[in-house]
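Listed here are the chains, written in short residue letters.
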Amino acid sequence: MKALNENISLETEQIDPQEVKQELLKKYPTKVARKRAKQIIVNRVSEEQELPEIGANTRTIPGIITQRGCTYAGCKGVIMGPTRDIVNITHGPIGCGFYSWLTRRNQTRPDGPEDDNFMTYCFSTDMQEENIVFGGEKKLRAAIQEAYDLFKPKAISIFSTCPVGLIGDDVHSVAREMKEKLGINVFGFSCEGYKGVSQSAGHHIANNGIFKNVVGLNDNVKEGKYRINLLGEYNIGGDAFEIDRILDECEISVVSTFSGNSTYDQFANAHTADLNTIMCHRSINYVAEMMETKFGIPWIKINFIGAQATAKSLRKIANYFENDELKQRVEDVIAREMPEVIKVRDDVRARCEGKVAMLFVGGSRAHHYQELFREIGMKTISAGYEFAHRDDYEGRKVLPSIKVDADSRNIEELEIHPDPERFRPRKTDEQLKKLQDEGFRFKDYDGMMREMSDRSLVIDDISQYESEQLIEIYKPDIFCAGIKEKFAIQKKGIPMKQLHSYDSGGPYAGFKGAINFYREIDRMVNSQIWKHIKAPWQESPELAAKYACD
Amino acid sequence: MLLRHTSKEITERSALTINPAKTCQPIGAMYAALGIHGCLPHSHGSQGCCAYHRSALTRHYKEPVMAATSSFTEGASVFGGQANLVQAIDNIFTIYEPEVIAVHTTCLSETIGDDIPQIARKAEADGKIPEGKYVIHVNTPSYVGTHVTGFANMTKAMVDYFAESNGQKIDQINIIPGYVEPSDMEEVRRIAEMMGVRVVMFPDTSKVLNRPQTGKYEMFPSGGVTVEALKTTGASMATIGLGQLASGPAARALDTKCGVSCEILDLPIGFKATDRFVDTLRKTLGITVPESLNEERGQLLDIVTDMHQYFYGKKVALAGDPDHLIALTEFLVSIDMWPIHIVTGTSGKKFESRIREITSNSPYPINIKAPGDLFLLHQWIKNEPVDLLMGNTYLKYIARDEDIPLVRMGFPILDRIGHSYFPTVGYRGGMRLLEKILDAILDRQDRDAPEESFELVM
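Keep in mind that this is a model prediction, so the values were computed, not measured.

Scanning chain A from N- to C-terminus turns up 23 helices and 14 strands. Against the globule reference of 24 Å for 550 residues, chain A gives a C-alpha radius of gyration of 25 Å, in line with a compact fold. Here the analysis covers contacts within chain A between residues at least 6 apart in sequence; of these, 77% occur between residues at least 24 apart. In the form shown here, chain A has an accessible surface area of approximately 21,400 Å², with 49% of it arising from carbon and sulfur atoms. Across chain A, the centroid of the 75 positively charged side chains sits 2 Å from that of the 83 negatively charged ones.

Before going further, it helps to spend a moment on the pairing of strand 13 (residues 388-391) of chain B. Residue and element names in this part refer to chain B. Going residue by residue along strand 13, you find L388 and M390 tucked away on one face and L389 and G391 tucked away on the opposite face as well. Inspection of the sheet shows strand 13 paired to strand 14 (residues 406-408) by 3 bridges, in the parallel sense. Note on strand 14: the bridge partner recorded for L389 is L406. Following the backbone out of strand 13, through helix 16 (residues 396-402) and into the adjacent parallel strand 14, one traces a crossover that is right-handed.

All names here are of chain A. Burial of strand 10 (residues 356-360) is extensive: 5 of the 5 residues sit out of reach of the surface. Here strand 10 shows two buried faces, one formed by V356, M358 and F360 and the other by A357 and L359. Summarising the sheet, strand 10 and strand 11 (residues 379-384) pair through 5 bridges and their orientation is parallel. Among the inter-strand pairings, V356 is bridged to a residue of strand 11, identified as K379. In terms of handedness, the path from strand 10 via helix 16 (residues 365-375) over to strand 11 forms a crossover that is right-handed. Bridge count between strand 10 and strand 13 (residues 478-481): 3 bridges; the pairing is parallel. Paired with M358 across the bridge in strand 13 is F479.

It is worth spelling out the side chain of A:H281 at this point. Residues and elements named next belong to chain A. Within the secondary structure, H281 is located in helix 13 (residues 281-295). A relative accessible area of 0% places H281 in the buried class. Look past the residues within four positions of H281 in its chain and what remains in contact with it is K301, G363, S364, H367, D392 and Y445.

All names here are of chain A. Of all 11 residues in helix 20 (residues 464-474), 9 are buried; the element is thus mostly enclosed. Q464, Y465, E466, S467, E468, Q469, L470, I471 and Y474 are the residues of helix 20 that are buried. Within two residues after helix 20, K475 carries a phi angle of roughly 45°, on the positive side.

On to the sheet that holds strand 10 of chain A. Residues and elements named next belong to chain A. On the basis of which strands lie adjacent, the open sheet formed by 6 strands has the order 1-12-11-10-13-14 and mixed pairing. Since the sheet does not close on itself, it has two edges, and those belong to strand 1 (40-42) and strand 14 (496-498), each with one partner. On average, each strand axis in the sheet is tilted by 20° relative to the strand beside it, whichever way the strands run. Lying on the sheet, helix 16 is in contact with strand 10, strand 11 and strand 13; it crosses strand 10 at an angle near 160°. Strand contacts of helix 21 (residues 483-491): strand 13 and strand 14, with the helix running at about 170° to strand 14, the strand carrying the most contacts.

Taken together, the 81 residues of chain A in the interface contact 74 residues of chain B. For the pair chain A and chain B, the two sides together bury roughly 6,700 Å², of which 63% comes from carbon and sulfur. Viewed at the interface, chain B and chain A are joined by 3 salt bridges. Residues A:K491 and B:E63 are paired through a salt bridge, measuring 3.0 Å at the closest nitrogen-oxygen approach. Inspection of the region where chain A meets chain B yields 35 residue pairs in polar contact (both at pLDDT 80 or more). Those elements that provide at least two residues to the side of chain A that touches chain B are helix 4 (71-80), helix 5 (94-99), strand 3 (123-124), helix 6 (129-134), helix 7 (137-151), helix 8 (162-167), helix 20 and helix 21 of chain A. Per-element accounting of the side of chain A that touches chain B gives the leading share, 7 residues, to helix 7 of chain A. Among the residues forming the side of chain A that touches chain B, the class breakdown is 43 nonpolar, 21 polar and 17 charged. Bridging between strand 3 of chain A and strand 1 (residues 17-18) of chain B involves 2 bridges; their strand directions are antiparallel. Within the sheet, the bridge partner assigned to A:S124 lies in strand 1 of chain B and is B:T17.

Turning our attention to the layout of surface pockets. All names here are of chain A. The calculated volume of the second largest pocket comes to roughly 1,200 Å³. Together, 40 residues line the second largest pocket, and N57, H389, I402, K403 and S408 are the ones closest to its centre. Those elements that provide at least two residues to the lining of the second largest pocket are helix 3 (30-39), helix 10 (200-213), helix 13, helix 17 (390-394) and helix 18 (406-409). A class-by-class count of the residues in the lining of the second largest pocket yields 12 nonpolar, 13 polar and 15 charged.

The 5 strands lie next to each other as 5(A)-4(A)-2(A)-3(A)-1(B), forming an open sheet whose pairing is mixed. This sheet does not close on itself; its edge strands, each paired only once, are strand 5 (185-189) of chain A together with strand 1 of chain B. Pairing of strand 2 (residues 86-91) of chain A with strand 3 of chain A, which is carried by 2 bridges, proceeds in the parallel orientation. In the sheet register, A:T90 faces strand 3 of chain A, and the bridge partner there is A:S124. Along the sheet face, helix 4 of chain A touches strand 2, strand 4 (155-160) and strand 5 of chain A and points at about 150° away from the line of strand 4 of chain A. The sheet strands contacting helix 9 (residues 171-182) of chain A are strand 2, strand 4 and strand 5 of chain A, and the helix crosses strand 5 of chain A at an angle near 175°.

Summed over the entire model, instances satisfying the criterion amount to 37 aromatic pairs over all chains. Three or more aromatic residues joined by ring pairs make a cluster, and in this case those are A:Y72, A:F98, A:Y99, A:W101, B:Y52 and B:Y394. Over the face of the ring belonging to A:F241 we find A:R109, whose NZ or CZ atom lies 3.7 Å from the ring centre. Taking NZ or CZ as reference, A:K152 lies 5.2 Å from the ring centre of A:Y148, over its face.

Residues and elements named next belong to chain B. Between helix 13 (residues 322-334) and helix 14 (residues 349-358), the least distance of the axes is 10 Å, while the angle of their chain directions is 5°. The angle between helix 13 and helix 14 places the two elements in the roughly parallel class. For the pair helix 13 and helix 14, contact is made by P322, L325, I326, T329, E330 and V333 and by F351, R354, I355 and I358, respectively. The residue inventory of the contact of helix 13 with helix 14, partitioned by class, reads 7 nonpolar, 1 polar and 2 charged.

Right, let's talk about a positive patch on the surface for a bit. On the surface, A:K31, A:R34, A:K38 and A:K403 cluster together to form a positively charged patch. Position of A:K403 among the secondary structure elements: in the loop between helix 17 and helix 18.

Another point: the side chain of A:S157. Residue and element names in this part refer to chain A. The residue S157 is located in strand 4 in this model. Look at S157 and you get buried, because its relative accessible area is 0%. Residues within four places of S157 in sequence aside, it is in contact with M80, I86, V87, N88, I89, F187 and F189.

All names here are of chain B. Within the fold, P268 resides in the loop between strand 9 (262-265) and helix 11 (270-285). The exposure class of P268 is buried, given its relative accessible area of 1%. Distance in space between the C-alpha atoms of P268 and T58 is 26 Å, their sequence separation being 210 residues. Those residues in contact with P268, other than ones at most four positions away along the chain, are V188, L242, A273, T274, F277, V425 and G426.

Taken as a whole and assessed by the stated rule, the structure comprises 80 salt bridges over all chains. The salt bridge partner of B:E193 is B:R189, with a shortest N-O separation of 3.9 Å. Within this pair, B:E193 and its partner B:R189 are both found in helix 8 (residues 182-194), separated by 4 residues, close to a single helical turn. For B:E193, a relative accessible area of 46% gives the class partly exposed. Through salt bridges with shared partners, a single network forms among A:E242, A:R245, A:E249, A:R336 and A:E337.

Moving on, we get to helix 10 (residues 244-258) of chain B. In an α-helix, one full turn covers 3.6 residues, which means residues spaced three or four apart are oriented alike. Residues and elements named next belong to chain B. Spanning 15 residues, helix 10 covers 20 Å between terminal C-alpha atoms, matching the ideal 21 Å at 1.5 Å per step. For helix 10, every residue scored as buried is listed here: A246, S247, G248, A250, A251, A253, L254 and C258. Packing partners of the buried residues in helix 10 comprise helix 7 (147-162), strand 6 (173-176), strand 8 (238-242), strand 9 and helix 13. Taken from the residues just after helix 10, G259 is the one with a positive phi, measuring 70°.

The rules behind the values
- Residues numbered from 1 in each chain as written.
- Chains lettered and ligands numbered in written order.
- Predicted model: local features only at pLDDT ≥ 70, side-chain atom pairs only at ≥ 80, totals over all residues.
- Heavy atoms only, no water.
- Helix = DSSP H or I, 4+ residues; strand = E, 2+ residues; numbered from the N terminus.
- Rg over C-alpha atoms; globule rule 2.2 N^0.38 Å.
- Contact = heavy atoms within 4.5 Å.
- Areas by Shrake-Rupley, 256 points an atom, 1.4 Å probe, with all protein chains shown as cover.
- Lys, Arg positive; Asp, Glu negative; His and termini not counted.
- Charge placed at Lys NZ, Arg CZ, Asp CG, Glu CD.
- Buried < 20%, exposed > 50% of the residue type's maximum accessible area, 1.4 Å probe, protein only.
- Pairing = 2+ DSSP bridges.
- Right-handed = clockwise from strand over helix to strand, strands pointing away.
- Axes fitted to C-alpha atoms, helices over the stretch in contact; angles between N-to-C directions.
- Buried area = accessible area lost by both parts, 1.4 Å probe.
- Salt bridge = Lys/Arg side-chain N within 4 Å of Asp/Glu carboxyl O.
- Polar contact = N/O pair within 3.5 Å; in protein donor to acceptor, adjacent residues only side chain to side chain.
- Nonpolar A, V, L, I, M, F, W, Y, C, P; charged D, E, K, R; others polar.
- 1 Å grid on protein atoms, 1.4 Å probe; cavity = no way out; pocket = protein on both sides within 12 Å on 5 of 7 lines; lining within 4 Å.
- Points joined across faces, edges and corners; volume = space filled by probe spheres on them.
- Phe/Tyr/Trp six-rings, centres within 6.5 Å; stacked < 30°, edge-to-face > 60°.
- Lys NZ or Arg CZ within 6 Å of the ring centre and 35° of its normal.
- Parallel < 35°, antiparallel > 145°, perpendicular 65-115°, else oblique.
- Patch = residues over 30% accessible without salt bridge, like charges linked within 9 Å, V, L, I, M, F, W, Y side chains within 5 Å.
- Expected span 1.5 Å × (residues − 1).

Structure, rendered in structure tokens:
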């Protein structure tokens, strides 16, 4: 890994990150600076693998221009958005439903033309002033009935927006009542925007809701020898399709994906899988925990972003199943896929080696995508998450030391016990011990900081002002963030890749995805266009000779 | 079929909106506030609203859209947002140094009843507002009105906060351009200036949301109406508001507050509405219309006469905002096209009667719904197909399913560029609109033509 980065420009190496940190804080009022100082960390991994502590999952300071969204956005937009056949009704004024309508580039592929697909629809109760004054439950009830009459879906879910929480509409009792009346599954989410400090709270509420109301309702076991769930993958730009392709080739069957290209029935029999694999740990690690406790499904962290990471993850899954035939098949697939990956990678690396990147996105994307950059010889000198918690930075082992504050306490924690009928240990204690003795790691992740070099700057909930300063100081070759940041960065002449919904393009997961990403980054960091920002007369302003005709 | 569940059979819905043709007030307020020079819009509520509005505007304009938020969590939602807003004002002036903070409320802060002027006074008393800087506000509950009303309300707030009058008149007129693209604002100004009129235009998002690539990022670019100019609006000779809904409230407020008489016209889309705009300028100021403008008008009409065979009798379905739809319908009717399905998300009885009046000679029954949604529009189309769709990007799903050409117009346009650079108002804008309509219709004719009638000369 280090060898790849030897060509990183000396300029960058000579910048003192501590001084940069002070520079970022300089303009802030004292109280703001004090708080931000805890969230801006100069990375250092000690010999004992100890890390500095980072402030994360704390409130955004009012008036600071942040990347973050809200709980509703996390619940309806991120987690439930990619689900195809549930009618998702936003209970609230029109805006929330409107903005979360098709804007994340989640792709889906129904089995046939007759199959349900509601992702192209936006359903809202469009609350008006009278509903705020007199309550909106009646309108919600009527809306559910109308949705049922028109679409006859398998399930309807309801999302509460800010004013719904304030006026006290009981969406859960309306859901229960309509479930009884219609005979389909109807469930609600109390995901008002003001809950929690970021969209992460909404992920938690959505996942809890799916776990409580859907998982375990269908005991049909899907065919297949190696049956896994893929958790924390949202099929942005078709990522899940590529992962499915690879797993298919390995003859590993996906029982359910949470929640890219997912269906109601997938959730309902997720408990029949034999292994949970986790992509975005921030979005969903608690679901894996709950499934293990309730149904006996072990979980592991995997990562399909990056060709090496994909190969490693496939091997990890194969090792878990302890089957030589599977191990061989995985090796065959890797051997078949890698030549093309290596060909493109080496071609691209010739032009990208030594360039530097910054990544400020999401709850694991800022981490996982560093792998792809590394593969083409680029170094990430600064990164941070938009809505992560400390464990995403420092690794899962810090979990016990994370203090629960008021903003986390208001997110429901489900109390989970083994299911009396469905709990089935997938491995015996001896099998588990043997695997662990061989170095196999269950329910664990290292976090981002351990995989970043010393002196890199790790920044939680980065602000607009800080990103601007970082760019001025480091002049990175590429900056990765979201749509709100994109054009301010580009105006400075720095290419900006969106890693939430990718702008365009994708998939970037798996082997084909890696190839797409290498080419995309090559296009961006080596584009001619940045050289044309100055007109010829701005480049050399000296006066031209006077046209001599007189 | 992407909208495979949309049935031909239409049932009455009283509670469920499906595929809305509108969004909420605060985003309109944010857009208007960006049209003040040196202004940072501020969303008083939970941070998701601000994130959503910035994202939507960014995707539409492909430009930086900055705005701050009070970042409410549960505490503020229960105890009120005063502490958050005072802190936000302090942070904003310290870090970003705008001239103006334009606060708009969200459904959250509206429902708990935060009193923004009182909070702003508190911030001022606490010394958080630097000398010569301003905090203005508008109430924009999302459960009242739409993005159009939010725009209108913030524009009116500019008058409420800044317009001054001491009885003296200045030789200038106010133009309130309506909820249109930066390119349209630029074009309105160009037309007025061609006529030699001195104009104060507000809001003005040109040179803010269609910036050049310079290698530099400026949070507060050169465009936007200045506070100084806004102050003088109370002393102008007259106000012309374009678009009843978006510009009416501000124009009337100026009349009430400072006695500046106003004329509220339709958006100048198409030659008839542009004629009225130009003629109003002419009469108000007693000036002659320059030949260059007559030439542009003549060119627009020339295109219509040259290509009339392709416009004549075509049926169109429209979705958009009321001010746009009224002007657009009139334009289409004037070139013998027939808008037959018209949906807006913004309510208004006047809207419906205006459209009925404009389409009164139509040989077809006209479907109008205000407020309606795109689901209903699609159902109407299934029952009575059209030759052309005009509206925002969300119509592309209907266009694909029903195989109808689409001309993108309105908000939001997420998948094409041009709208922020090329106007659709004025005579020049009319030419561009006709070009787009013809391209869509003729491309379809080429695509569908059997080999023997595939024509080189059309």
